[in-house]
There are 2 protein chains.
Amino acid sequence: MTTSGAGAESIDHARIAAALAVRGEPACRVRDVLDRVGDKWSVTLVHELGGGARRFSELRRGVPGISPRMLSATLRGLERDGFVLRTVHPTVPPQVEYALTPLGHTLLDTAWSLMNWALEHADDIDDARREYDAK
Amino acid sequence: MTTSGAGAESIDHARIAAALAVRGEPACRVRDVLDRVGDKWSVTLVHELGGGARRFSELRRGVPGISPRMLSATLRGLERDGFVLRTVHPTVPPQVEYALTPLGHTLLDTAWSLMNWALEHADDIDDARREYDAK
DNA sequence: CGGAATCCGGATAGATACTG
DNA sequence: CAGTATCTATCCGGATTCCG
């Protein structure tokens, strides 16, 4: 058993099991976080904002393929959960800045560890797929 | 130990950015992993298998709400990526066991750190939502 | 027991056009 | 510039039924 660095020291196994068992419960944000990590743009945007505050159109350029609709909707969700702070500067033309909150930065950290795991094991996954598909 | 889940020590920022930018690329399993973590049953099943090998109907009972269709499909996906080993015992009636591979265990470790983060910050998220919704 | 096949509804997300 | 509105395609996942 690899008792690796973070996450292994004090996992509340029972609470995680309970959190996974149900959706939409009050104290069970585990499912919400997994859903968010899995949605199409949230992690990408959080990652982008990890480099510093960005404006709407900067994000639009920095995240190729995202539509204004999804950019707006995803940012609103991130803002609602307290991961992103939205600041409107009352200028003409209007200027809106998005930045990670401290909470958003901790999310980015754990997302990084997940993505880093994915990079480290990408070859293993590819190998397994080739072997599986060979049959 | 090769990987510590903390994620702060040697993140390949550039490769992660590249991996997030595109979907379905050869070496970019980052997106695949995020999608898998976000899908409805994969993490739950991996978590369940973390407790030891299980048979199909054991999983069906152990994971309330899952349909045989999604159980089968999710297990096949996990098997294809090398996270789960499927063993058929040629008995009557047939008996099939699913177990985590070593790779699957490392996935479970990183998933744990993510879920643990979610548990730790569930209150923060709830607070942020209440504040946001108040407006 | 351990699935596969089929059908179907709701959510997710893309494209496009328009506005303060 | 920073979004919203609408319309639509797609896909995920649930229910049901059947098979080896």
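Predicted model only: the values in this text are computed from it and were never measured.

## Details of the UniProt feature "domain: HTH hxlR-type" (unreviewed entry) in chain A
No. 1: Those residues carrying the UniProt feature "domain: HTH hxlR-type" (unreviewed entry) are residues 28-126 of chain A in this numbering.
No. 2: Helix makes up 62% of residues 28-126 of chain A and strand 14%, and the two end C-alpha atoms of the span are 33 Å apart.

## What about the sheet that holds strand β1 (residues 54-55) of chain A?
Adjacent strands of a sheet form backbone hydrogen bonds with each other and so pair up, either parallel or antiparallel.
All names here are of chain A.
No. 1: The strand order β1-β3-β2 describes an open sheet built from three strands, whose pairing is antiparallel. Each edge of the open sheet carries a strand with a single partner, namely β1 and β2 (84-89).
No. 2: Here β1 pairs with strand β3 (residues 95-100) via two bridges, running antiparallel. Bridge pairing in β3 places R54 opposite Y98.

## Focus on the relation of the copies chain A and chain B
No. 1: With an RMSD of 0.1 Å, chain A superimposes on chain B once it is rotated by 180 degrees and translated 0.0 Å along the axis. Here the symmetry operator amounts to a two-fold rotation axis. Within chain A, the C-alpha atom positioned nearest to the axis of rotation is that of G38(A), 1.8 Å from it.
No. 2: Here 97% of the interface residues in chain A have copies in chain B that are interface residues too; the copies meet face to matching face.

## Side note on the sheet that holds strand β1 (residues 54-55) of chain B
All names here are of chain B.
No. 1: Taken in spatial order, the three strands of this open sheet run β1-β3-β2, and their pairing is antiparallel. Either end of the sheet is taken by a strand with one partner, and the two such strands are β1 and β2 (84-89).
No. 2: Alignment of β2 against strand β3 (residues 95-100), held across six bridges, turns out to be antiparallel. Across the sheet, residue L85 finds its bridge partner in β3, namely A99.
No. 3: Helix-sheet contacts for helix α3 (residues 42-49) involve β1, β2 and β3, and the interaxial angle to β3 is about 95 degrees.

## A look at the protein's contact with DNA strand C
No. 1: In the neighbourhood of DNA strand C, 17 residues make up the surrounding shell, with K40(A), S57(B), S72(B), R86(B) and Y98(B) lying closest.
No. 2: The separation between a base nitrogen of DNA strand C and a polar side-chain atom of R69(A) is 3.0 Å.
No. 3: One of the side-chain N or O atoms of R86(B) is found 2.5 Å from a phosphate oxygen in DNA strand C.

## Topic: the pairing of β3(A)
No. 1: The alternating pattern of β3(A) places V96(A), Y98(A) and L100(A) on a buried face and Q95(A), E97(A) and A99(A) on a face that is not buried.
No. 2: Where β2(A) folds back on β3(A), the antiparallel hairpin that results is connected by five residues.

## Structural notes on the interface of chain A and chain B
No. 1: Counting residues at the interface gives 60 residues for chain A, matched by 59 residues for chain B.
No. 2: Between the two partners, chain A and chain B, sit eight salt bridges.
No. 3: Between D32(A) and R129(B) there is a salt bridge, with the nearest N and O atoms lying 3.5 Å from each other.
No. 4: Of all the secondary structure elements, the ones that give two or more residues to the side of chain A that touches chain B are α1 (13-21), α2 (30-38), α3 (42-49), α5 (68-80), α6 (102-120) and α7 (122-134) of chain A.

Conventions used here
- Residues numbered from 1 in each chain as written.
- Chains lettered and ligands numbered in written order.
- Predicted model: local features only at pLDDT ≥ 70, side-chain atom pairs only at ≥ 80, totals over all residues.
- Heavy atoms only, no water.
- UniProt positions renumbered as here; feature names shortened; annotations may be inferred.
- Helix = DSSP H or I, 4+ residues; strand = E, 2+ residues; numbered from the N terminus.
- Pairing = 2+ DSSP bridges.
- Least-squares fit on C-alpha atoms with pLDDT ≥ 70 in both.
- Contact = heavy atoms within 4.5 Å.
- Axes fitted to C-alpha atoms, helices over the stretch in contact; angles between N-to-C directions.
- Near = heavy atom within 4 Å.
- Polar contact = N/O pair within 3.5 Å; in protein donor to acceptor, adjacent residues only side chain to side chain.
- Buried < 20%, exposed > 50% of the residue type's maximum accessible area, 1.4 Å probe, protein only.
- Salt bridge = Lys/Arg side-chain N within 4 Å of Asp/Glu carboxyl O.

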